[in-house]
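Fold and geometry: a report
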Amino acid sequence: MATLFGLHPFLLKLYADGGYQGPEFRKQLEYRADVGGVSPLLASASGRALILASAAEEQVAILNFMRVRDRSTFERYQDVFEQDRKRFRQDGFCLSAGDWKPGLHAVAVPLRVPDGSPPMAMNCALHAAPERPSTWWRDVVPLLMETARELEARWTAAPRSGV
């Protein structure tokens, strides 16, 4: 397996020290998300944040489309989506604890663009042992939200070029 910025041995040690060495151990490290990468809407924290940051009528349209287009995926993630809907209303973020890929945990917050463009989302993801509950997101979410609000403020303050 190729080295990720020379950190692969470090990641292996970190996981081993954390007690996770299951059969999918090395496979977990093979997934590498990239900036601008695509993830499924209902199965990912980013996707759910995008849906939930949309206007109510757009949410209904998106969910209806997904229900008709791929009923099995819709039904598989419906409960997770409803949990995130409550979390999003109360706390303003979405959480994935391996929903899409086992061991891949993520939090996501919306970015509301001032010109009325569709919402965007920012996320932070990491690999965590599936059998060990994690609370890392409690430290990350406030920082992610602060960064999102700062970006929104800068977009609002930036002069419009008309391009």
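Refer to the structure above for everything that follows.
In short, a report on the structure. (Residues numbered from 1 in each chain as written. Predicted model: local features only at pLDDT ≥ 70, side-chain atom pairs only at ≥ 80, totals over all residues. Heavy atoms only, no water.)

**Some details on the overall build of the chain**
- Each helix and strand in the chain was counted, giving six helices and three strands.
- N-terminal to C-terminal, the α/β element order of the chain is α-α-α-α-α-β-β-β-α.
- The burial tally for the chain puts 35% of its 163 residues in the buried class.
- Sequence-distant contacts in the chain: of pairs separated by 6 or more residues, those separated by 24 or more amount to 54%.
- Carbon and sulfur atoms provide 56% of the accessible area of the chain, an area that totals close to 10400 Å². (Helix = DSSP H or I, 4+ residues; strand = E, 2+ residues; numbered from the N terminus. Buried < 20%, exposed > 50% of the residue type's maximum accessible area, 1.4 Å probe, protein only. Contact = heavy atoms within 4.5 Å. Areas by Shrake-Rupley, 256 points an atom, 1.4 Å probe, with all protein chains shown as cover.)

**Quick word on helix α5 (residues 71-91)**
- The end-to-end C-alpha separation of α5 is 29 Å, in line with the 30 Å expected for 21 residues at 1.5 Å each.
- Where α5 bends most, at Q78, the angle is about 45 degrees.
- Along α5, the residues classified as buried are F74, Y77, V80, F81, D84, R85 and F88.
- Summarising the contacts, the buried residues of α5 are in contact with α3 (45-53), α4 (56-69), β1 (94-97) and β2 (104-111).
- Of the residues flanking the end of α5, it is G92, one or two places downstream, whose phi is positive at about 85 degrees. (Expected span 1.5 Å × (residues − 1). Bend = angle between axes of the 7 residues up to and from the residue.)

**Notes on the nonpolar core**
- Counting residues in hydrophobic clusters, the biggest one holds 16 residues, and the most contacted among them are L42, I51, L63, F81 and C94.
- By residue number, the principal contributor to this core is α3, which donates five residues.
- Beyond its immediate chain neighbours, meaning those up to four positions away, F81 contacts L42, R48, I51, L52 and L63.
- Ranked by size, the runner-up nonpolar core spans 11 residues in total, among them F93, W136, L144 and A148. (Core = buried A, V, L, I, M, F, W, Y, C linked by side-chain atoms within 4.5 Å.)

**Details of the packing of aromatic side chains**
- Applying the stated criterion across every chain yields a total of one aromatic pair.
- For the ring pair F93 and W137, a centre distance of 5.7 Å and an interplane angle of 35 degrees mean the geometry is tilted. Placement of F93 in the loop between α5 and β1 and of W137 in helix α6 (residues 137-157) is noted, with a sequence separation of 44 residues between them. W137 carries the same exposure label as F93, and that label is buried. (Phe/Tyr/Trp six-rings, centres within 6.5 Å; stacked < 30°, edge-to-face > 60°.)

**Section: the environment of Q59**
- Here Q59 shows up in helix α4.
- Ignoring anything within four residues of it in the chain, the contact list for Q59 reads I51, L52, S54 and R85.

**Some remarks on α3**
- Extensive coverage of α3 is indicated by the burial of eight of its nine residues.
- Next to the buried residues of α3 lie α4, α5, β1, β2 and β3 (120-127).

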